[in-house]
Amino acid sequence: NSQIVIKRYNYAHKNKYKAVGRVSNMDGWKGPGKDSMGTGFMVGNHTFVTNAHVIDDQYGRAAAPKYIKFQMNRDGSRMPYVFQATEVIKVPQYDIAVVHTKQNMYKYVKPVKIATDSEIKQLKFNSPLYSLGYPWQYNDNTKAYFNKLRVTQFSTNGTEIQTKDIFRSGASGSPMLNSTFTKMYGLRTYGYNLMGGSTDAYAKQEMSGGESFKGYAGRFVRQHIK
């Protein structure tokens, strides 16, 4: 656990890695009119990706795009860029969603490339990964945090990258990146210590995982980038 890191960075609006943002869903699992949220990452001029459960409504269906906004580089009350969703596409059988935006985000930031299958397959036990996102910390999910995590293994079917990671509620949909933040291997998706106070064995070990972009998922996302 000493090799995994969660650290606040209070310069999100100045950070050169600007492709990350807070995803606000006003018709999510909390119900209509309440701010269900997660994290997203820009992969195209008009496209970001997140977990499907971030954009789902309380019945597990994709919320209407009018309820979803991408608050890129949000830092507390500071929101330098807010983009409106126009289309939401869920990747079949995966907890991944592709969201298109009305505005051209490339005017403000360059998208991050999705790693190739061969690059993803190079990950092995104890490989370091890096992330930026909006986890629940100190009763708040509006501030940006940096995470360093470690690969433990791939799931048996190869669709998940399983990790040791200080994963908290709100980090869903945040990217798994290389050390230069130029390649994205997958999305951080779940953990066993969402609020930081769980006491079961998996929580104490900070066991977590996420959806890999290897194979079908990566192909589907690339085909739907605008």
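One can find the structure itself at the top, above this paragraph.
What counts, and where the lines are drawn
- Residues numbered from 1 in each chain as written.
- Predicted model: local features only at pLDDT ≥ 70, side-chain atom pairs only at ≥ 80, totals over all residues.
- Heavy atoms only, no water.
- Buried < 20%, exposed > 50% of the residue type's maximum accessible area, 1.4 Å probe, protein only.
- Helix = DSSP H or I, 4+ residues; strand = E, 2+ residues; numbered from the N terminus.
- Pairing = 2+ DSSP bridges.
- Salt bridge = Lys/Arg side-chain N within 4 Å of Asp/Glu carboxyl O.
- Core = buried A, V, L, I, M, F, W, Y, C linked by side-chain atoms within 4.5 Å.
- Contact = heavy atoms within 4.5 Å.
- Phe/Tyr/Trp six-rings, centres within 6.5 Å; stacked < 30°, edge-to-face > 60°.

### As for the pairing of strand S5 (residues 68-72)
Thought 1: Counting buried positions along S5 yields four of five residues, so the element is predominantly enclosed.
Thought 2: Relative to S5, strand S2 (residues 20-25) runs antiparallel, the two being bridged by five bridges. Across the sheet, Arg22 pairs through a bridge with Gln71, a residue of S5.

### What to know about the pattern of salt bridges
Thought 1: Using the criterion set out here, one finds nine salt bridges in the structure.
Thought 2: Across the pair Lys143 and Asp140 runs a salt bridge whose closest N-O atoms are separated by 2.6 Å.
Thought 3: Taking the relative accessible area as the measure of exposure, Lys143 reaches 29% and is therefore partly exposed.
Thought 4: For Asp140, a relative accessible area of 18% puts it in the buried group.

### Focus on the nonpolar core
One recurring pattern in soluble globular proteins: nonpolar side chains tend to sit buried together.
Thought 1: The biggest cluster of nonpolar side chains holds 53 residues, and the ones touching the most others in it are Met184 and Phe213.
Thought 2: Once you skip the residues sitting within four places of it in the chain, Met184 turns out to touch Phe41, Val43, Val49, Val112, Lys113, Ile114, Ala115, Pro175, Met176, Leu177 and Phe213.

### Some thoughts on unusual backbone geometry
Thought 1: Despite not being glycine, Asn126 has its phi angle at roughly 75°, a positive value.
Thought 2: With respect to the helices and strands, the residue Asn126 is situated in the loop between helix H2 (117-121) and strand S9 (128-133).

### Quick notes on the environment of Lys18
Thought 1: Within the element layout of this structure, Lys18 appears in the loop between strand S1 (5-8) and S2.
Thought 2: The exposure class of Lys18 is buried, given its relative accessible area of 19%.
Thought 3: Between the alpha carbons of Lys18 and Met72 there is a distance of 7.2 Å; along the sequence they are 54 residues apart.

### Focus on the environment of Ile114
Thought 1: Within the element layout of this structure, Ile114 appears in strand S8 (residues 113-114).
Thought 2: On the basis of relative accessible area, Ile114 is assigned to the buried category, the value being 11%.
Thought 3: Residues Ile114 and Lys183, 69 residues apart in the sequence, show an inter-C-alpha distance of 5.6 Å.
Thought 4: Residues contacting Ile114, with those up to four places away along its chain left out, are Val43, Met184, Phe213, Val221, Arg222 and Ile225.

### Quick look at the packing of aromatic side chains
Thought 1: A full pass over the atoms with the stated rule returns eleven aromatic pairs.
Thought 2: Considering the side-chain rings of Phe146 and Phe181, the 6.4 Å spacing of their centres and the 15° angle between planes classify their relative orientation as stacked. In this pair, Phe146 sits in strand S10 (residues 145-154) while Phe181 sits in the loop between strand S12 (175-177) and strand S13 (183-191), placing the two residues 35 residues apart along the sequence.
Thought 3: What makes Phe181 buried here is its relative accessible area of 10%.
Thought 4: Relative to Tyr202, the ring of Tyr192 lies with its centre 4.9 Å away and its plane at 25°, an arrangement referred to as stacked. Residue Tyr192 is located in the loop between S13 and helix H3 (201-204), and its partner Tyr202 is located in helix H3; the two are separated by ten residues in the primary sequence.

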